[in-house]
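Structural overview for review
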Amino acid sequence: MADEALFQFLHNELIQYVYKSAEQGEMENGRCITRLENMGFRVGQGLIERFTKDTARFKDELDVMKFICKDFWTSVFKKQIDNLRTNHQGIYVLQDNKFRLLAQMSGGKQYLEHAPKYLAFSCGLVRGGLSNLGVKSIVTAEVSAMPACKFQIMIQKM
């Protein structure tokens, strides 16, 4: 319980730090999101190394995605993904109906415009984890109603 609160507090402070430095003229809004995603990418790389050190090699990218949805998501966000969908052509949609980093915000539409800055780090986490598993991808997130969130992962063929 305490580690959840610490993670949420650290995440919020990280966002505040990046955006306050932007207010001081260092960067614009799009760069803030990129910076948060890059931080998440590096953290995701490190976490996936730790989580997979004792696991067998994955057979295909579907196994990798199942690992991300079950083990990785549970370790980071304390719950599994609610829904995983794929078109079997390299696009996966991960749906979390109560995303932990958005759960503390109001359920209305008034904070939807602020959602991207709270999701950038998480997109980077997933992209970094997949990268270290040998899967090059583009990860985007969308929120239509708080705190539900959909992460779309487009696998890039090498």
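Remember, predicted model here, so these are calculated numbers, not experimental data.

Rules used throughout
- Residues numbered from 1 in each chain as written.
- Predicted model: local features only at pLDDT ≥ 70, side-chain atom pairs only at ≥ 80, totals over all residues.
- Heavy atoms only, no water.
- Phe/Tyr/Trp six-rings, centres within 6.5 Å; stacked < 30°, edge-to-face > 60°.
- Helix = DSSP H or I, 4+ residues; strand = E, 2+ residues; numbered from the N terminus.
- Buried < 20%, exposed > 50% of the residue type's maximum accessible area, 1.4 Å probe, protein only.
- Contact = heavy atoms within 4.5 Å.
- Axes fitted to C-alpha atoms, helices over the stretch in contact; angles between N-to-C directions.
- Parallel < 35°, antiparallel > 145°, perpendicular 65-115°, else oblique.
- Left-handed = near helix turned anticlockwise from the far one by under 90°.
- Nonpolar A, V, L, I, M, F, W, Y, C, P; charged D, E, K, R; others polar.
- Pairing = 2+ DSSP bridges.

**Some details on the packing of aromatic side chains**
Enumeration according to the criterion identifies eight aromatic pairs in this entry. Plain terms: the ring middles of F99 and F151 are 5.4 Å apart, the flat faces sit at 65° to each other, and that makes the pair edge-to-face. Here F99 is found in the loop between β2 (91-96) and α4 (115-132), whereas its partner F151 is found in strand β4 (residues 149-155), with 52 residues between them in sequence. Residue classification places F99 among the buried positions, given a relative accessible area of 0%.

**A few points about the side chain of H11**
With respect to the helices and strands, the residue H11 is situated in helix α1 (residues 2-23). With a relative accessible area of 3%, H11 lands in the buried category. If near-sequence neighbours (up to four positions away) are discounted, H11 is found in contact with L101, Y118 and F121.

**Things to note about the packing of helix α3 (residues 61-77) against α4**
Relative orientation of the contacting elements α3 and α4 amounts to 130°, with a least axis distance of 11 Å. Between α3 and α4, the crossing angle belongs to the class labelled oblique. The handedness of the crossing between α3 and α4 is right-handed. Counted together, V64, M65, I68, F72, W73, V76 and F77 of α3 and S122, L125, V126 and L130 of α4 form the full contact between these two elements. Looking at side-chain class alone, the contact of α3 with α4 contains ten nonpolar, one polar and no charged residues.

**Notes on the sheet that holds β2**
Taken in spatial order, the four strands of this open sheet run β1-β2-β4-β3, and their pairing is antiparallel. Sheet topology places β1 (83-86) and β3 (137-142) at the edges, where each strand pairs with a single neighbour. Averaged over all neighbouring strand pairs, the angle between strand axes comes to 15°, with direction disregarded. Two strands pair when backbone bridges link them, and β2 and β4 are joined in this way by six bridges, in the antiparallel orientation.

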